[in-house]
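# Fold and contact review
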Amino acid sequence: MENFKIYNSRTVEKLIITREGETKFGEKIKFVEGFEQLKNIPAKYVLVGIPEDIGVRANRGKEGTAKAWHVALKSLLNVQSNRYSNAEDLILLGEIECREYLAKAENLGHEDPHYFEKMGDLVSQIDSAVTRVIEKIVSLGKIPIIIGGGHNNAYGNIKGSSQALKKPINILNIDAHTDLRRLEHRHSGNGFSYARKEGFLGKYRVFGVHQNYTPAYIFEQMDAAQNDQYRLFEHLVRKSSQQILTAFREELDTISQEEFGLELDVDAIRDFPSSAQTPSGFSFNMVRNFVALASEEENIKYIHICEAAPTANTEASVGKALSYFITDIISTGI
Ligand SMILES: N=CN[C@@H](CCC(=O)O)C(=O)O
């Protein structure tokens, strides 16, 4: 497939720190030689990385999401393989090839009056690659777990899944932002606007929206829309953990009546190194619960975890955090 790098055991062997008498997750994970081979392996989940931050930069955000995939992978491969880990249920497929796009983005001058439009063109090219890959995986009956990258990639996930299912797909988005910004050049803040406009998005629920960072026009637009709804973080912040979980369950019950995708923007998590990091938000452990609950649903079609932006000081903890999410999704729950 164009713009996609398929991994094999040699791609990742150097990342695995082996120990005598122990088996690491990376020693058990599955690989394939091509997309068609996916259907011959019984594993339910397919792991895909999107190492880019062009969508975030096109949205005037803080760069760094391009590094999240590699830190997640390094951490995941070194998790212990034991009775809980279920590594055999995960195929490590590979990554969307973003190097060429990143190099082109670097060559664009900020002084260019069309800088943002040109960045948006690169985002559209990534959209096409993401759409192709996700459409193929979903049509083969597997559940992609996608590690971004910016939240712009929601568009390709939604379009690809919708094309595979031949109907609009519902989305539950755990996010401080709605990402329903205007239909200007493509960026990380308007993936859902484009998916809605083009008919790929079914019911859309955003859980944990921050009132301080949502423009008035988006609230007005959502209030008037039939299929778009949100829960403010400010309405959840004084509730007990159990009440927050109940509120999440209610949203999940609505969305999961039909096929749906789970989107997690880690800026919904308090102090998580991300492109829009914030001191107020859900606890990391609460979001682990959200992800685990949603993953148990029969109608789940994909899970996208995005916007993590590790720095040299935070890459180990970001890698661990992302790999907790992945292992929670595939864990057998023994
Ligand atoms: N995917 C993120 N979207 C947010 C980013 C906000 C920010 O960078 O501060 C948005 O457009 O609102």
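Everything numeric in this text was worked out from a predicted model, so none of it was measured.

Attention shifts here to the site of the ligand. All residues in the neighbourhood of the ligand are listed as Asn-59, His-151, His-177, Asp-179, Arg-181, Ser-188, Gly-189, Asp-265, Ala-276 and Glu-307. Asn-59 places a side-chain nitrogen or oxygen 2.9 Å from an oxygen atom of the ligand. With respect to the ligand, the side chain of Glu-307 contributes an N or O atom lying 3.2 Å from a nitrogen atom. Protein contacts shield 82% of the accessible area of the ligand, which totals 340 Å² for the unbound molecule.

An α-helical turn contains 3.6 residues, so a residue and the one three or four places further along point in the same direction. A rise of 1.5 Å per residue sets the reference length of helix H11 (residues 315–330), with its 16 residues, at 22 Å; its end C-alpha atoms lie 23 Å apart and thus fit the reference within 8%. Where H11 is concerned, the buried positions are Val-318, Gly-319, Ala-321, Leu-322, Ser-323, Phe-325, Ile-326, Thr-327, Asp-328, Ile-329 and Ile-330.

A word on the sheet that holds strand E7 (residues 228–232). A sheet is described by the order of its strands in space; here 9 strands give the open sequence E1-E3-E2-E4-E9-E8-E5-E6-E7, paired in mixed fashion. What marks the edges here is a single partner per strand, and that holds for strand E1 (4–6) and E7. Looking at each pair of strands side by side, their axes are set apart by 20 degrees on average, direction ignored. Across 5 bridges, strand E6 (residues 201–209) lies against E7 in parallel orientation. The residue bridging Tyr-204 from the neighbouring strand is Asp-228, located in E7. This element, helix H6 (residues 154–165), spans strand E4 (143–147), strand E5 (169–174), E6, strand E8 (260–265) and strand E9 (300–306) of the sheet and lies at about 170 degrees to E9.

Rules and cut-offs
- Residues numbered from 1 in each chain as written.
- Predicted model: local features only at pLDDT ≥ 70, side-chain atom pairs only at ≥ 80, totals over all residues.
- Heavy atoms only, no water.
- Near = heavy atom within 4 Å.
- Polar contact = N/O pair within 3.5 Å; in protein donor to acceptor, adjacent residues only side chain to side chain.
- Areas by Shrake-Rupley, 256 points an atom, 1.4 Å probe, with all protein chains shown as cover.
- Helix = DSSP H or I, 4+ residues; strand = E, 2+ residues; numbered from the N terminus.
- Expected span 1.5 Å × (residues − 1).
- Buried < 20%, exposed > 50% of the residue type's maximum accessible area, 1.4 Å probe, protein only.
- Pairing = 2+ DSSP bridges.
- Axes fitted to C-alpha atoms, helices over the stretch in contact; angles between N-to-C directions.
- Contact = heavy atoms within 4.5 Å.

Purely geometric stuff here, so don't read any function into it on its own.
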